[in-house]
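# Residue-level structure breakdown
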Amino acid sequence: MPSWREDERLHDLNDLLFFAAVVEHSGFSAAARSLNLPKSSVSRHVGRLEDRLGVRLLERSTRNVRLTEIGSSYYARCKAILSELETAEQDLALLRSDPIGTIRVSCPTGLAQYALARIVPGFLADYPLVRVQIIATNRAVDLIEEKVDVAIRARTRLNDETLTMRRLGSSTLVFVASPDFVDRHPVLVHPSDITGLPFLSFQEDTARPSWTLTGPDEAAAVVAFDPILWTSEFSILVEAACAGTGISLLPTEVAVRPIREGRLVRILPGWCSEEVTLHLVFTTRRGLAPAVRVFIDYLA
């Protein structure tokens, strides 16, 4: 059996609810009708609240009811509490409902090829009522304007933005080339050794790319390149590098398979790029549709 104090706490939220109803309906009778309760019950709850607090929240007369100064301040706090409770119940209802509907997902082209291509089929098998539209683009889409539910982004530095973020993990970029290319350029030990060689860039911007690299004993170097090929399609870069066309800087996850197959080798093995953070962005945590929520959790 709960103690008297525990039992008292169980009634606190009802006391707040009835007090707020009296304020919003400008009287006990109207509040009781809105709550479908006897007027005496509403009056008893509000009176108990005032007794517990030791203050007068309402001034009562035969014609109307008005807030006292302290009652006005307390009412604002009550509304905030009741609003939070309503939001929590709405979120719970969403979580309990079945995920259904279409999710629009924005993702960099390379990640779409090498990450989502492996993940989405399993997600769709687990959630057969959900449909996924993938927008493969390297530009930062406007989630609200373009009605995108979730965007996957990869950055070396996170911007201050109003969107909600969820970190997925991190990756690094490594230099690779074909064995034949390495045979033709045997002395590649420092980033400065590759600046004049043909470079394959995954950045679609034709401006001269530069990368900050870290090496042995925390050495650092900034290297700029003049690419002979630009494309966000990692598969094109891999094939071009395997053909001996030039050097490419690729995410480790993309490079690992052709390296294992012997079609590419890692050059400057002691050097890599800055850490690239992979994260999800979406507009809000509250009120997310069940399909969007489970998709975010599935990716994470």
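The preceding data block contains the structure.
First, a word on scope: everything that follows refers to the structure included in this document. Here the structure is a predicted model, which is why all the values come from computation and not from measurement. Counting of residues starts from 1 at the beginning of each chain's written sequence and follows it residue by residue. Reporting in this predicted model follows two pLDDT cut-offs: at least 70 for local features of residues, and 80 or more for side-chain atom pairs to be given and counted; totals over whole chains, interfaces and linings ignore these cut-offs and use all residues. Only hydrogens and water are set aside when side-chain values are computed; all heavy atoms of the structure are taken into account.

### A short note on the nonpolar core
Grouping buried Ala, Val, Leu, Ile, Met, Phe, Trp, Tyr and Cys residues that are joined through side-chain atoms within 4.5 Å yields what is termed a nonpolar core. Remark: exposure states derive from per-residue accessible area (1.4 Å probe, protein chains only) relative to the maximum for the residue type, with buried under 20%, exposed over 50%, and partly exposed in between. Counting 33 residues, the largest nonpolar core has Phe175, Ile194, Trp211, Phe225, Ile247, Leu250 and Ile267 as its most contacted members. When residues in this core are grouped by element, the largest group, six residues, is from helix α8 (residues 234-242). Contacts are assigned to residue pairs with any non-hydrogen atoms lying within 4.5 Å of each other. Once residues within four sequence positions are removed from consideration, isoleucine 267 is found in contact with Phe175, Val176, Ala177, Val182, Leu188, Ile194 and Ile247. Secondary structure counts use DSSP, requiring at least four H or I residues in a row for a helix and at least two E residues in a row for a strand, with both numbered from the N terminus.

### Brief notes about the side chain of histidine 45
Mapped onto the elements of the fold, histidine 45 is located in helix α4 (residues 39-53). According to the relative accessible area criterion, histidine 45 is buried, its value standing at 12%. Those residues in contact with histidine 45, other than ones at most four positions away along the chain, are Asn14, Asp15 and Phe18.

### As for the packing of helix α6 (residues 109-126) against helix α10 (residues 290-299)
Axis definition: a line fitted to C-alpha atoms, limited for helices to the stretch in contact. Angles are taken between N-to-C directions and run from 0 to 180 degrees. Where α6 meets α10, the axes come as close as 11 Å, and the angle between the chain directions of the two elements is 130°. Classified by the angle their axes make, α6 and α10 are oblique. Relative to α10, α6 is oriented so that their crossing is right-handed. Contacts between α6 and α10 involve Leu116, Ile119, Gly122, Phe123 and Asp126 from the former and Ala291, Val294, Phe295, Tyr298 and Leu299 from the latter. Gly counts as polar in this scheme, as do all residues outside two lists: the nonpolar Ala, Val, Leu, Ile, Met, Phe, Trp, Tyr, Cys and Pro, and the charged Asp, Glu, Lys and Arg. Taken together, the residues of the contact of α6 with α10 break down into eight nonpolar, one polar and one charged. In what follows, roughly perpendicular refers to angles from 65 to 115 degrees, roughly parallel to angles under 35, roughly antiparallel to angles over 145, and oblique to any angle outside these ranges. The hand of a helix crossing depends on one turn: near helix anticlockwise from the far one by less than a right angle means left-handed, and clockwise means right-handed.

### Some points on the sheet that holds strand β13 (residues 265-266)
Read across the open sheet, the five strands follow the order β11-β8-β12-β7-β13; overall the sheet is mixed. The open sheet has two edge strands, β11 (227-230) and β13, and neither has a second partner. At least two DSSP bridges between two strands are needed for those strands to be called paired. Pairing of strand β7 (residues 173-177) with β13, which is carried by two bridges, proceeds in the antiparallel orientation. Within β13, the residue paired with valine 176 across the bridge is arginine 266. In this fold α8 packs onto β7, β8 (199-201), β11 and β12 (247-251), with an angle of close to 140° to the strand it touches most, β12. Sheet strands in contact with helix α9 (residues 252-260) are β7, β12 and β13, and its direction is about 120° off that of β12.

### What to know about the pattern of salt bridges
Pairing between side chains of opposite charge can happen when their charged atoms approach one another. The rule for a salt bridge is simple: a side-chain nitrogen of Lys or Arg has to be within 4 Å of a carboxyl oxygen of Asp or Glu. Evaluated as defined, the whole model comprises nine salt bridges. The salt bridge partner of glutamate 50 is arginine 60, with a shortest N-O separation of 2.9 Å. Of this pair, glutamate 50 sits in helix α4 while arginine 60 sits in strand β1 (residues 58-60), and the two are 10 residues apart along the sequence. Linking glutamate 261 and arginine 263 is a salt bridge whose minimum nitrogen-to-oxygen distance equals 3.1 Å. For glutamate 261, a relative accessible area of 43% translates into the label partly exposed. The class for arginine 263 is partly exposed, based on a relative accessible area of 33%. Through salt bridges that share partners, Glu239, Arg257, Glu261 and Arg263 make up one connected network.

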